[in-house]
Amino acid sequence: MPAKKRNRMTEIFIVFLAVMVIGIFIYGNGGEEIEMDESLVIDYQILEREEAHHNDVKRYLYHVLVEESASYEELQHTSIKIVEKAKDELEFNGFAVSYYDHEEYHRRLDYTLGQAVYAPYGDGSRVAEVEAGDYEKMEYFWSLRAKDWDSQLSEEEVSIWAAWFDLRQEINQAITAGEPVDEELIMEVEGHDFPDSEAITVEIAGKFDITPEEVEEIREKNDVWIFMNLEQ
């Protein structure tokens, strides 16, 4: 079945933007010695405890939902609280905490409020250089994000964004698996099928009884929110 064609330059720009965003996303700093202040620890919920072990190297990644607005400093002290509690229960070579402000972001994005890494010399790539539990050689590396919380998406807006994201993922997976896909939701670029973002926007707008323009506004607002970092 013929699919709609889209200008190749659009796809090149998307790839370039993705690369640029990755460069922004890894911004961080380390080496700070901070003594935890309990008054700066905010309410949180651990959504998932993920293990990434290899032989004797034990690594953990906690996915954490922040249940109130949080400053950069509050995320730091909350991270220390989580790590210190983990030390009482586990022995590890490296530990990381990824933060989200809405549960819908979990499993869809790596994080929205950034990540705190606790590892040998503050470097997650050096976990094999120490024994599990050798915390004397471990430091924090902060890739946390300070936000303007007035810009946060509402629960409804995040649900709309998540529905758009999921539909695009489903179409992409179906194309990869060679499964049938609604031809109205795909486009053809140099003989290959891709999800059609504009068509997906129209589809989601219909499901939520809003306009395509409103869907795009929510997606743009979400992009700004995710990559916002007032600490930079």
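Residues numbered from 1 in each chain as written. Predicted model: local features only at pLDDT ≥ 70, side-chain atom pairs only at ≥ 80, totals over all residues. Heavy atoms only, no water.

### Regarding the pattern of salt bridges
Here comes step 1: Tallying each qualifying case throughout the model produces nine salt bridges.
Here comes step 2: E216 is the partner of R219 in a salt bridge, and the nearest nitrogen-oxygen pair spans 3.1 Å. In this pair, R219 and E216 both sit in helix α5 (residues 212-227), three residues apart, roughly one turn of the helix.
Here comes step 3: Residue classification places E216 among the partly exposed residues on the basis of a relative accessible area of 25%. (Salt bridge = Lys/Arg side-chain N within 4 Å of Asp/Glu carboxyl O. Helix = DSSP H or I, 4+ residues; strand = E, 2+ residues; numbered from the N terminus. Buried < 20%, exposed > 50% of the residue type's maximum accessible area, 1.4 Å probe, protein only.)

### Thoughts on helix α2 (residues 72-89)
Here comes step 1: In a regular helix each residue adds 1.5 Å, so 18 residues correspond to 26 Å; α2 covers 26 Å between its end C-alpha atoms and thus fits that length.
Here comes step 2: Turning to α2, its buried residues number three or more, namely Y72, L75, Q76, H77, T78, S79, I80, I82, V83 and A86. (Expected span 1.5 Å × (residues − 1).)

### A short note on the side chain of K147
Here comes step 1: Note that K147 resides in the loop between β7 (138-144) and α3 (155-177).
Here comes step 2: Lacking a salt bridge, the buried K147 has D101 as its closest oppositely charged neighbour, with an N-O distance of 6.6 Å.
Here comes step 3: A polar contact is formed between the side chain of K147 and the backbone oxygen of I226, at a distance of 2.9 Å.
Here comes step 4: Separated by 3.0 Å, the side chain of K147 and the backbone oxygen of M228 make a polar contact.
Here comes step 5: Discounting residues that sit within four places of it in the chain, K147 has contacts with T112, L113, W225, I226, F227, M228 and L230. (Lys, Arg positive; Asp, Glu negative; His and termini not counted. Polar contact = N/O pair within 3.5 Å; in protein donor to acceptor, adjacent residues only side chain to side chain. Contact = heavy atoms within 4.5 Å.)

### With respect to the side chain of E48
Here comes step 1: Within the fold, E48 resides in strand β3 (residues 44-51).
Here comes step 2: Within the local environment of E48, its side chain forms a polar contact with the side chain of H106, the two groups lying 2.8 Å apart.
Here comes step 3: Residues in contact with E48, not counting those within four places in the same chain, are L61, Y62, H63, H106 and R107.

### A short note on unusual backbone geometry
Apart from glycine, the bulk of residues carry a negative phi angle, and the bulk of peptide bonds sit in the trans form.
Here comes step 1: One non-glycine residue, N55, adopts positive backbone phi at about 55°.
Here comes step 2: Note on placement: N55 falls in the loop between β3 and β4 (59-66).
Here comes step 3: Relative accessible area serves as the criterion here: at 63%, N55 is assigned to the exposed category.

### So, the nonpolar core
The nonpolar side chains of a soluble globular protein tend to be buried with one another.
Here comes step 1: Among the nonpolar cores identified, the biggest contains 51 residues, and L75, F92, F95, Y99 and Y118 are the most heavily contacted of them.
Here comes step 2: Broken down by element, this core gets its largest block of residues, nine residues, from α3.
Here comes step 3: Among all residues touching Y118, those that are not within four sequence positions of it are V83, K87, F92, G94, F95, Y135, M138, E139 and Y140. (Core = buried A, V, L, I, M, F, W, Y, C linked by side-chain atoms within 4.5 Å.)

### Some words on the pairing of β4
Here comes step 1: In terms of residue burial, β4 counts as a mostly covered element, since seven of its eight residues are buried.
Here comes step 2: As paired strands, β3 and β4 are joined by seven bridges and run antiparallel to one another. Bridged to E50 within β4 is L61.
Here comes step 3: Of the strand pairs in this sheet, β4 and strand β5 (residues 94-100) are connected by seven bridges, and their pairing is parallel. What sits directly across from Y60, in β5, is F95.
Here comes step 4: Where the polypeptide runs from β4 across α2 and back to β5, its parallel neighbour, the crossover connection is right-handed. (Pairing = 2+ DSSP bridges. Right-handed = clockwise from strand over helix to strand, strands pointing away.)

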